[in-house]
Amino acid sequence: MSRRGWVLFLAMSLIWGVPYLLIKVAVEEFSPVLVVFLRCLIGAVLLLPWTIARGQLLPALRHWRALLLFTVLEMTGPWLLLSWAEQSLSSSLTGLLVAGVPFVAALAARLAGDEDRLSPVRVAGMLVGVVGIVALLGLDVAGAQLTAIGAVALVVVGYATAPMVVSRALSDVSGVTASAIALTVTGLVYAPFAVPQLGDVATAPARAWGSVVALGVVCTALALALFFALIREVGPQRALVITFVNPAVAVLLGVLLLDEPFTLGIALGLPLILLGCALATRRSPRQSERCELSDVDAAVP
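A brief structural summary. (Residues numbered from 1 in each chain as written. Predicted model: local features only at pLDDT ≥ 70, side-chain atom pairs only at ≥ 80, totals over all residues. Heavy atoms only, no water.)

Concerning a nonpolar patch on the surface
Phase 1 of the analysis: Nonpolar side chains collect at one region of the surface, where Leu-41, Val-45, Leu-46, Trp-209, Val-213, Val-217, Val-218 and Leu-222 lie side by side and expose about 640 Å² of accessible area between them.
Phase 2 of the analysis: Residue assignment for the nonpolar patch shows that the elements contributing at least two residues are α3 (32-53) and α12 (206-234).
Phase 3 of the analysis: With 5 residues, α12 is the largest single contributor of residues to the nonpolar patch.
Phase 4 of the analysis: Following the sequence through the fold, Leu-41 ends up in helix α3. (Patch = residues over 30% accessible without salt bridge, like charges linked within 9 Å, V, L, I, M, F, W, Y side chains within 5 Å. Areas by Shrake-Rupley, 256 points an atom, 1.4 Å probe, with all protein chains shown as cover. Salt bridge = Lys/Arg side-chain N within 4 Å of Asp/Glu carboxyl O. Helix = DSSP H or I, 4+ residues; strand = E, 2+ residues; numbered from the N terminus.)

Here you go:
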């Protein structure tokens, strides 16, 4: 990997490990709907003009049905569910649960007929991942948290299946363009519910609105631009490796900055889930050779 590739990789590994911390801080003062709306508003303001200036908006809108499905699976549903779940879950646990996205994506691709038969290594990876999830949930999750866990499970399904929509129906739409449209649509969906709450922003502590601004600018607009640059530099398969690093960053930040406990469940579940995901999504040399470049191939937390 080139020096530029390593810089982009390290930047993305950190940036997409941070949202769980920022969401946890933001929902202490704002409703989940307001957090999602503000994040989308900031991201759309930064990305949509760039998309329009490049003349990519109108051609992309010809695929409005697929774009709408991608929007629901990648942003409209998951971001609200994540913000709601983190009202009761720690950022560490949430980030670790979302690490199951590559695992679910491999299974979904197999069921949809997009992958060759599962190799023994990939089957072993799935089993290891299941053991890790069982260890995590069995040791760390109280009964009152089960609904929030279910919400994160839906997020994982959305993040795992959204790239399939892109690869099947949006192959000629750039990732930044699809993201700009998705941010705009999601913001419009939540605007009627969030706008009446905007007064909360003015009275909120700097810690809360600073988290929302960072979510929109750094973890959404900047992150999307950097991620697509990373794909162009190192290819989609190497770029996807950040998915395995992000949860470790989320756990570290939660423990160090929010005083979240480093539990036995995390200690056992983290390495097992990450190892399982890495093995379950491993491609054979034949698959790697025919894998085409995809602009959107990982979840945006």
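What about the side chain of Ser-83?
Phase 1 of the analysis: By the element assignment, Ser-83 lies in helix α5 (residues 64-85).
Phase 2 of the analysis: A distance of 3.0 Å separates the side chain of Ser-83 from the backbone oxygen of Trp-79, its partner in a polar contact.
Phase 3 of the analysis: Setting aside residues up to four positions removed in sequence, Ser-83 forms contacts with Ile-23, Val-27, Pro-32, Val-35 and Val-36. (Polar contact = N/O pair within 3.5 Å; in protein donor to acceptor, adjacent residues only side chain to side chain. Contact = heavy atoms within 4.5 Å.)

Some words on the packing of aromatic side chains
Phase 1 of the analysis: This structure, assessed with the given rule, holds 0 aromatic pairs.
Phase 2 of the analysis: If you follow Arg-39 out to its NZ or CZ, it ends over the ring of Trp-79, 3.8 Å from the centre. (Phe/Tyr/Trp six-rings, centres within 6.5 Å; stacked < 30°, edge-to-face > 60°. Lys NZ or Arg CZ within 6 Å of the ring centre and 35° of its normal.)

Such coordinate-based values are descriptive only and should not be taken to indicate function.
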